[in-house]
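Given next are the chains, with one letter for each unit.
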Amino acid sequence: DSSNTKLPFQAEVAQLLHLVTHALYSNKEIFLRELISNASDACDKLRFEALDHPALYEDQPDLDVRLTFDKAARTLTITDKGIGLSRQEAIDNLGTIAKSGTKDFMSRLSGDQKADAQLIGQFGVGFYSGFIVADKITVESRRAGLPADQGVRWVSGGAGDFEVADITRAARGTSITLHLRDDADEYLNAWKLKQIVGKYSDHISLPILMEKEEWKDGENDQPGDMVKTGEWETVNKANALWSRPKKDITAEQYEEFYKSISHDFEAPLAWSHNRVEGSTEYTQLLYIPSKAPFDLWNRDKSAGVKLYVKRVFIMDDAEALLPNYLRFVKGVIDSADLPLNVSRELLQESRDVKAIREGSTKRVLSMLEDLAKKQKTAPESGEGKVDVGSGESVPAPEPTEGVTDVVDKNTTPAAEAAAEYADESGKFARFYAEFGAVLKEGLGEDMGNRDRIAKLLRFASTTSDVASVSFADYKARMKEGQDAIYYITADNLAAAKNSPQLEVFKKKGIEVLLMTDRVDEWALNYLNEFDGTPLQSVAKGAVDLGKLQDEAEKKAAEEAAESFKPLLEKLKEALKDKAEDVRVTTRLVDSPACLVVEDGGMSTQLARMLKQAGQ
Ligand code: ADP
Ligand code: MG
């Protein structure tokens with residue numbers, strides 16, 4: 001009959017399913033987190049749609065998620081009263097991957113299980129993770145607002161195809177039944193399920209219910225067993241993690257919450273949880289990941305901060321909440337002031353959102369400053385290792401106005417503090433290796449915080465191969481009489497280090513910052529000075545070493561300029577289409593000549609970049 005249809009999965013789904021079941025095998029239990037989070041999303045969507053159409057509640061306004069299992073049938077079922085799926089939605093949403101960048105993602109998989117598991121985790125396999133423990137999944141659903149006879153049943157063995165059929169289903173929402181594989185017995189156990197819920201889903205604001213069991217002795221010497229009582233109990237804390245006081249939240253819970261919203265397998269580097277009071281009230285829980293996602297440079301990528309209004313989920317990728325250069329930050333912002341039906345357009349204009357954005361930006365910068373302060377040594381890497389004592393360069397994060405620290409600030413015993421300090425000491429370098437280049441975009445994007453951002457930047461230099469030198473470190477090491485911060489931009493470290501433009505600086509022992517990120521040239525356009533000292537490219541204009549040159553050197557240079565005048569004239573004439581000017585230079589020691597750009601001109605590096613981009 002036409003209601004029962006067999007359909008193939010989209011090619012990527014079939015591929016992904018195969019990978020999921022293999023690569024994620026060592027982390028099986030996450031399937032439950034994914035399915036509960038989908039159930040919770042479905043309830044969030046219902047609540048949101050019901051703001052305009054209250055009838056969607058169908059006299060069933062109490063939302064929850066129920067877990068049941070059947071030992072004999074070897075099934076585990078997750079049931080929600082959320083928005084549900086229509087037949088077409090089941091086909092579209094469970095048979096394809098709607099995410100942009102799927103192809104790109106697939107092409108990055110290496111076949112190395114561990115690395116792939118990490119990537120797959122980031123990508124968020126979601127629903128398909130059910131197939132880690134199930135060899136067949138049955139989904140039954142009815143969309144809110146549709147009549148009972150427009151329910152749908154979706155069944156798949158997780159290979160190439162799935163089947164859909166029309167069913168009659170009185171209950172609104174979805175139930176997902178996993179037919180467990182032979183080696184997944186452990187999930188037919190209430191204790192185990194509660195343990196997993198506690199680990200991954202405590203923060204879900206919906207109640208997650210399980211049927212109470214009680215022990216029943218066996219008859220005629222048969223072993224006893226747990227039997228269901230027909231009574232339901234809530235097995236999670238059922239209040240949003242960020243709404244709880246800090247002192248009631250363990251580090252592990254913060255980390256698990258991060259993993260559940262970010263799909264990251266690794267713990268975050270740092271987080272900050274605050275209730276901000278004042279004219280705009282909101283709670284922020286912001287995380288700095290320890291690894292860059294594979295799509296950090298993808299411009300269409302959704303932002304990582306979720307917006308809630310009074311615990312009601314509003315939207316996932318609220319770009320308006322943080323500037324673009326902080327797009328690596330994950331977390332939740334829960335506003336007490338915004339209207340529940342806030343739209344994206346409204347978000348862009350709202351004054352409350354502007355305040356939230358400013359407050360959250362400051363908070364992230366404070367977190368980074370904090371990591372930078374605790375960063376003591378540069379990461380191991382060959383020669384030129386320097387100690388980055390940036391303690392001075394970075395001021396203690398000033399308390400943001402009106403922030404009530406929800407943590408109870410118990411005095412930490414000194415020993416504990418020292419241990420924590422040791423543990424924290426490598427984090428900033430890790431952060432910088434992953435996200436430093438993104439942070440630099442902030443110089444151009446966020447004028448108001450330019451100085452704070454500049455203080456966080458680290459570069460390689462002629463004394464350090466590692467990007468660990470801050471402007472403040474550099475300044476502290478400046479030579480007597482030196483009045484500029486010198487830098488050079490190049491495609492890579494070797495090119496920068498071997499540039500003839502560095503010769504005189506090397507000879508005089510003047511440190512030069514080596515800038516090799518693609519974004520450096522562009523970003524430095526926005527930074528003319530640091531803490532009163534101008535930044536000067538060694539590849540631009542005439543290098544005036546000023547007081548760093550002694551009288552004899554100056555005199556020699558002037559004489560040379562004089563005596564070479566006729567030669568310069570000839571060279572200028574010969575190169576008149578190719579070079580703006582030909583000068584005698586004090587820049588070089590061994591090389592006969594080098595190219596430089598006019599001050600304020602486009603550097604050769606930037607010119608090359610634009611040419612590459614076809615401009
Ligand atoms: P994601 O949650 O990131 O969108 P998933 O693979 O977890 O990806 O889920 C895919 C889609 O399937 C969801 O976006 C949703 O449309 C649909 N879906 C999954 N579970 C449910 C559910 N319990 N109720 C309604 N829709 C669901
Ligand atoms: Mg999901």
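The following refers to the structure shown. Owing to the predicted nature of the structure, the values given are computational and were not obtained by experimental measurement.

## Some words on the nonpolar core
Next, step 1: Ranked by internal contacts, the top residues of the largest apolar core, which has 73 residues, are Leu307, Leu347, Val364, Phe431, Leu439, Phe471 and Leu513.
Next, step 2: If you look at the next biggest cluster of nonpolar residues, it comprises 63 residues, including Leu94, Leu109, Ile132 and Ala190.

## Let's talk about the sheet that holds strand β18 (residues 485–489)
Next, step 1: As summarised here, the arrangement of the six strands in space is β17-β16-β19-β18-β21-β20, forming an open sheet in which the pairing is mixed. Looking at the sheet topology across the chains shown, the edges are occupied by β17 (464–469) and β20 (529–530).
Next, step 2: The pairing of strand β16 (residues 459–461) with strand β19 (residues 513–515) spans two bridges and is classified as antiparallel. Each residue of the ladder has a partner; that of Ser461, found in β19, is Leu513.

## Some remarks on the sheet that holds strand β7 (residues 173–180)
Sheet strands pair by backbone hydrogen bonding; their relative direction is either parallel or antiparallel.
Next, step 1: Strand order in the open sheet made by the nine strands is β1-β6-β5-β4-β7-β3-β2-β8-β9, with mixed pairing throughout. Here the strands that pair on one side only, and so sit at the sheet edges, are β1 (5–8) and β9 (225–234). Ignoring which end each strand starts from, the neighbouring axes of this sheet average 20 degrees apart.
Next, step 2: As judged from the six bridges shared by strand β5 (residues 151–156) and strand β6 (residues 161–167), these two strands associate in the antiparallel manner. Bridge pairing in β6 places Gly151 opposite Ile167.
Next, step 3: Of the strands in this sheet, β2 (65–70), β3 (75–80), β7 and β8 (208–216) are in contact with helix α2 (residues 30–50), which crosses β3 at around 25 degrees.
Next, step 4: Here helix α3 (residues 87–95) sits on the sheet and contacts β1, β4 (134–142), β5 and β6; the angle it forms with β6, its principal contact strand, is near 160 degrees.

## A closer look at the pattern of salt bridges
Next, step 1: What the rule picks out here adds up to 30 salt bridges.
Next, step 2: Across the pair Glu186 and Lys28 runs a salt bridge whose closest N-O atoms are separated by 3.7 Å. Taken as a pair, Glu186 in the loop between β7 and α6 (190–200) and Lys28 in the loop between α1 (11–23) and α2 lie far apart in primary sequence, 158 residues in all.
Next, step 3: Classification of Glu186 by relative accessible area gives partly exposed; the value is 35%.
Next, step 4: Given a relative accessible area of 12%, Lys28 falls into the buried group.

## A look at the site of ligand 1
Next, step 1: The local shell around ligand 1 holds 12 residues, among which Asn38, Asp80, Asn93, Gly126 and Phe127 are the closest.
Next, step 2: At a separation of 2.9 Å, a nitrogen atom of ligand 1 approaches a polar side-chain atom of Asp80.
Next, step 3: Contacts to ligand 1 include Thr174, whose side-chain N or O atom sits 3.3 Å from a nitrogen atom.
Next, step 4: Protein contact buries 78% of the 530 Å² of open area that ligand 1 shows by itself.
Next, step 5: For the shell around ligand 1, the secondary-structure elements that each account for two or more residues are α2 and α3.
Next, step 6: At three residues, α2 tops the list of elements feeding residues into the shell around ligand 1.

Analysis parameters
- Residues numbered from 1 in each chain as written.
- Chains lettered and ligands numbered in written order.
- Predicted model: local features only at pLDDT ≥ 70, side-chain atom pairs only at ≥ 80, totals over all residues.
- Heavy atoms only, no water.
- Core = buried A, V, L, I, M, F, W, Y, C linked by side-chain atoms within 4.5 Å.
- Buried < 20%, exposed > 50% of the residue type's maximum accessible area, 1.4 Å probe, protein only.
- Pairing = 2+ DSSP bridges.
- Helix = DSSP H or I, 4+ residues; strand = E, 2+ residues; numbered from the N terminus.
- Axes fitted to C-alpha atoms, helices over the stretch in contact; angles between N-to-C directions.
- Contact = heavy atoms within 4.5 Å.
- Salt bridge = Lys/Arg side-chain N within 4 Å of Asp/Glu carboxyl O.
- Near = heavy atom within 4 Å.
- Polar contact = N/O pair within 3.5 Å; in protein donor to acceptor, adjacent residues only side chain to side chain.
- Areas by Shrake-Rupley, 256 points an atom, 1.4 Å probe, with all protein chains shown as cover.

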